[in-house]
Amino acid sequence: DESSGYESESAERSAAAGGTRGRQRRTRTAFTSEQVCRLEKTFQRQKYLGATERRKLAAALQLSEIQIKTWFQNRRMKLKRQI
């Protein structure tokens, strides 16, 4: 059985096998180095973004607001672990 390589196809198979119980996992975002650099610079200035700043940054980096929000949450946890 050959796969077309699409992520959703493998997710459907694992769901059918009872792996994810009908819920598909979101694919991991591969940020570009430019996006990470801009996110890190913004994080150095402010650890928390308001809705307006998040919306502007998402538009500038061509990412969703949820991706920005999640990145900042993960980055704050990374900082907490380092401290």
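Right above here is the structure, for reference.
Fair warning: this is a prediction, and the values are worked out from it, not measured in the lab.

A. Main features of the overall build of the chain. Secondary structure assignment for the chain yields 4 helices and 0 strands. Buried residues in the chain amount to 17% of all 83 residues. Sequence separation of 24 or more characterises 41% of the internal contacts of the chain that already satisfy a separation of 6 or more. Surface summary for the chain: the accessible area is close to 6900 Å², and the carbon and sulfur share equals 47%.

B. Local environment of the pattern of salt bridges. Enumeration according to the criterion identifies 3 salt bridges in this entry. Between Glu65 and Arg54 there is a salt bridge; the shortest N-O distance is 3.8 Å. Here Glu65, found in helix H4 (residues 65–82), pairs with Arg54, found in helix H3 (residues 51–61); they are 11 residues apart in sequence, far enough to count as distant. Note that Glu65 and Arg55 form a salt bridge whose closest N and O atoms lie 3.7 Å from each other.

C. Seen up close, the environment of Gln67. Mapped onto the elements, Gln67 comes out in helix H4. Between the C-alpha atom of Gln67 and that of Arg54, which follows or precedes it by 13 residues, the distance is 9.7 Å. Sequence-distant contacts of Gln67, defined by excluding residues within four places in its chain, comprise Thr29 and Phe31. Within the structure, Gln67 has its side chain in polar contact with the backbone nitrogen of Ser64 (distance 2.8 Å).

D. Examining the packing of aromatic side chains more closely. Counted under the stated rule, the structure contains 3 aromatic pairs. Geometrically, the ring pair formed by Phe43 and Trp71 is edge-to-face, given 6.2 Å between the ring centres and 85° between the ring planes. One end of the pair, Phe43, is in helix H2 (residues 33–45); the other, Trp71, is in helix H4, with 28 residues separating them in the sequence. This pair shows no difference in class: Phe43 is buried, exactly as Trp71 is. Centroid distance Phe43 to Phe72: 5.9 Å. Interplanar angle 55°. Geometry classified as tilted. Residue Phe43 is located in helix H2, and its partner Phe72 is located in helix H4; the two are separated by 29 residues in the primary sequence. In this structure, Phe43 and Phe72 share a single accessibility class: buried.

Analysis parameters
- Residues numbered from 1 in each chain as written.
- Predicted model: local features only at pLDDT ≥ 70, side-chain atom pairs only at ≥ 80, totals over all residues.
- Heavy atoms only, no water.
- Helix = DSSP H or I, 4+ residues; strand = E, 2+ residues; numbered from the N terminus.
- Buried < 20%, exposed > 50% of the residue type's maximum accessible area, 1.4 Å probe, protein only.
- Contact = heavy atoms within 4.5 Å.
- Areas by Shrake-Rupley, 256 points an atom, 1.4 Å probe, with all protein chains shown as cover.
- Salt bridge = Lys/Arg side-chain N within 4 Å of Asp/Glu carboxyl O.
- Polar contact = N/O pair within 3.5 Å; in protein donor to acceptor, adjacent residues only side chain to side chain.
- Phe/Tyr/Trp six-rings, centres within 6.5 Å; stacked < 30°, edge-to-face > 60°.

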